[in-house]
Amino acid sequence: MKTRFKPKFNVKKGDLVVVIAGDDKDRTKPRKVLEVLPQEARILVEGVNIITKHTKPTAQNTKGGIVKQEGPIAISNVMLWDAKAGAPTKVSRKRENGKLVRIAKKSGEVIK
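Here the structure is a predicted model, which is why all the values come from computation and not from measurement. (Residues numbered from 1 in each chain as written. Predicted model: local features only at pLDDT ≥ 70, side-chain atom pairs only at ≥ 80, totals over all residues. Heavy atoms only, no water.)

## Overview of the overall build of the protein
Point 1. Secondary structure assignment for the protein yields zero helices and 11 strands.
Point 2. Put simply, the protein runs from its N terminus to its C terminus through helices and strands in the order β-β-β-β-β-β-β-β-β-β-β.
Point 3. Over its C-alpha trace the protein gives a radius of gyration of 17 Å, far above what one expects of a compact globule, namely 13 Å for 112 residues.
Point 4. The dimensions of the protein, computed from C-alpha atoms along their principal axes, are 50 × 35 × 25 Å.
Point 5. The buried share among the 112 residues of the protein stands at 27%.
Point 6. If you take every contact in the protein between residues at least 6 apart in sequence, the share linking residues at least 24 apart comes to 40%.
Point 7. When the 26 basic and 11 acidic side-chain charges of the protein are each reduced to a single mean position, those positions are 5 Å apart. (Helix = DSSP H or I, 4+ residues; strand = E, 2+ residues; numbered from the N terminus. Rg over C-alpha atoms; globule rule 2.2 N^0.38 Å. Buried < 20%, exposed > 50% of the residue type's maximum accessible area, 1.4 Å probe, protein only. Contact = heavy atoms within 4.5 Å. Lys, Arg positive; Asp, Glu negative; His and termini not counted. Charge placed at Lys NZ, Arg CZ, Asp CG, Glu CD.)

Below is the structure:
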């Protein structure tokens, strides 16, 4: 995704999201966002898309071996979790005191 402008997404690191598409789909279990990769429009979510990575022994890791870690998924496959409503929600943005804040459409609460 090469663009001149930085893409804007409604999900930030540390948010709770639910996976709405793919192999790990579960609309009732909120999970934590570990990292957002805006240039690739992908996201790392805790416990989703687990991949096995084969590592060689190095100075830091003398054993090497097989490591299980999260792989990135498309950002369109997740929705923000609304804790008050207890369900996934869409997001709107409004200016409050000169700052742009995210607001959950289901409950109307400000997302921290």
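Back to the write-up after that little detour.
## Things to note about the UniProt feature "domain: Large ribosomal subunit protein uL24 C-terminal" (unreviewed entry) in the protein
Point 1. Per the UniProt annotation, the sites labelled "domain: Large ribosomal subunit protein uL24 C-terminal" (unreviewed entry) are residues 48–111.
Point 2. The annotated region residues 48–111 carries 0% helix and 56% strand content, and the separation between its end C-alpha atoms amounts to 23 Å. (UniProt positions renumbered as here; feature names shortened; annotations may be inferred.)

## Remarks on the sheet that holds strand S1 (residues 16–19)
To summarise the sheet geometry, strands pair through backbone hydrogen bonds and adopt either a parallel or an antiparallel arrangement.
Point 1. Spatially, the six strands line up as an open sheet ordered S6-S3-S2-S1-S7-S8, and their pairing is antiparallel. The open sheet has two edge strands, strand S6 (73–74) and strand S8 (87–89), and neither has a second partner.
Point 2. In terms of strand pairing, strand S2 (residues 26–37) meets strand S3 (residues 42–45) through four bridges, oriented antiparallel. Bridging from a neighbouring strand, Leu37 pairs with Arg42 of S3. (Pairing = 2+ DSSP bridges.)

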